[in-house]
Amino acid sequence: MQHINLVDLPDYRPRGIVVVRYPPDRPWKVKIAERPTAEWRSRAAGARLDSAPGPAVVSEPPEGCAFGFVGLLGLLLGAAAVILLFRTDLFGEEDPAKPPSSDRPSVTRTSSTTVTSSATGTVTIDAGRSMLDKGELRRAIDSLTKDDVKRTALTVVVQERLLSVVFTPSGAEAAPNFAPRSLPYERFPALVEEASGLGAGSPQSWQLTADRLTGALTIRVSVTGPDGTASLETDAQGRVIRRIPAS
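Small disclaimer: the values here were computed from a predicted structure and weren't measured.

Draft legend 1. The arrangement of the sheet that holds strand β8 (residues 205-211) in detail. Across the sheet, which stays open at both edges, the eight strands sit in the order β4-β5-β7-β6-β8-β9-β10-β11 with antiparallel pairing between neighbours. Edge positions in the open sheet fall to β4 (112-116) and β11 (240-244), since each of these has one partner strand only. When strand polarity is set aside, the average angle formed by the axes of neighbouring strands in this sheet is 10°. Relative to strand β7 (residues 162-167), strand β5 (residues 120-125) is paired through five bridges, and the arrangement is antiparallel. Among the inter-strand pairings, V123 is bridged to a residue of β7, identified as L163. Against the sheet, helix α4 (residues 136-145) makes contact with β4, β5, β6 (153-158) and β7, and its axis sits at roughly 40° relative to β7, the strand it touches most.

As structure tokens, this is what we get:
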């Protein structure tokens with residue numbers, strides 16, 4: 001038997017049929033059978049096969065462990081390329097075990113509206129929040145006086161979602177003013193709760209007012225409920241000096 005190149009058969013007529021041999025596991029090791037058996041000569045004589053289109057050359061690949069390793073490496077690289085190409089689809093899908101995105105908790109940014117002028121300043125906070133929430137009043141006052149921490153006021157009025165300040169007009173420093181930053185804001189929630197217990201019933205609205213109209217700084221707290229309006233008064237430190245039950 002002899003080795004043969006399928007496109008280089010000068011010793012055989014075109015479109016001729018020959019009998020070849022090759023190992024089943026290595027079909028590229030083709031050899032022409034020079035003395036085939038009578039059965040194979042008969043089968044070759046009656047065979048009708050179309051030739052392969054275009055050039056067709058079978059070459060022998062490298063043998064041994066190196067060839068196997070290169071083939072495995074190529075397979076792994078191909079799989080990695082497919083994964084990289086589709087990584088967005090693979091990792092962008094939601095895990096069915098997790099709740100849908102619409103059910104996931106979300107964070108809502110809260111905000112407030114601050115308006116200031118030479119004479120007044122107001123801060124309005126979002127619905128669902130209260131000026132009695134921890135730190136809320138202090139932040140509101142700081143936003144109104146951040147340009148002048150020593151600025152004084154004639155009156156400070158606090159309601160559920162609104163803080164209003166009447167500042168001391170320029171040239172009226174002798175008026176009965178006070179520093180709005182000095183008020184005991186941390187005491188205000190407890191004062192509203194105490195006023196609510198003076199017979200007004202479940203509070204429907206409340207208001208705190210701080211001023212010096214009577215000379216000393218006084219804080220007045222009033223709460224209105226289904227049974228009327230109750231109030232109390234405190235000094236500058238938030239100590240109660242007078243209580244007026246609902247009538």
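Draft legend 2. Just the nonpolar core, in detail. In this structure, M131, V156, V158, L163, L183 and F188 are the most contacted members of the largest nonpolar core, which totals 31 residues. If you list the elements that add at least two residues to this core, you get β5, α4, β6, β7, α5 (188-196), β8, β9 (218-225) and β10 (228-234). In this view, L183 contacts R138, V156, F178, F188, A210, L217 and I219; residues no more than four positions away in its chain are not counted.

Draft legend 3. Focus on the pairing of β11. Where β10 and β11 come together, four bridges link them in antiparallel fashion. Following the sheet pairing, S231 is matched in β11 by I244. Adjacent in sequence and paired antiparallel, β10 and β11 are bridged by five residues, among which G238 carries a positive phi angle near 90°.

Draft legend 4. Broad picture of empty space enclosed by the protein. All chains considered together, the criterion is met by one cavity of 30 Å³ or more. Looking at the largest cavity, its volume works out to about 30 Å³. As for the largest cavity, its lining consists of V156, V158, L183, F188, L208, T209, A210 and I219. Classifying every residue of the lining of the largest cavity gives seven nonpolar, one polar and no charged.

Here is what the cut-offs are and how they apply
- Residues numbered from 1 in each chain as written.
- Predicted model: local features only at pLDDT ≥ 70, side-chain atom pairs only at ≥ 80, totals over all residues.
- Heavy atoms only, no water.
- Pairing = 2+ DSSP bridges.
- Helix = DSSP H or I, 4+ residues; strand = E, 2+ residues; numbered from the N terminus.
- Axes fitted to C-alpha atoms, helices over the stretch in contact; angles between N-to-C directions.
- Contact = heavy atoms within 4.5 Å.
- Core = buried A, V, L, I, M, F, W, Y, C linked by side-chain atoms within 4.5 Å.
- Buried < 20%, exposed > 50% of the residue type's maximum accessible area, 1.4 Å probe, protein only.
- 1 Å grid on protein atoms, 1.4 Å probe; cavity = no way out; pocket = protein on both sides within 12 Å on 5 of 7 lines; lining within 4 Å.
- Points joined across faces, edges and corners; volume = space filled by probe spheres on them.
- Nonpolar A, V, L, I, M, F, W, Y, C, P; charged D, E, K, R; others polar.

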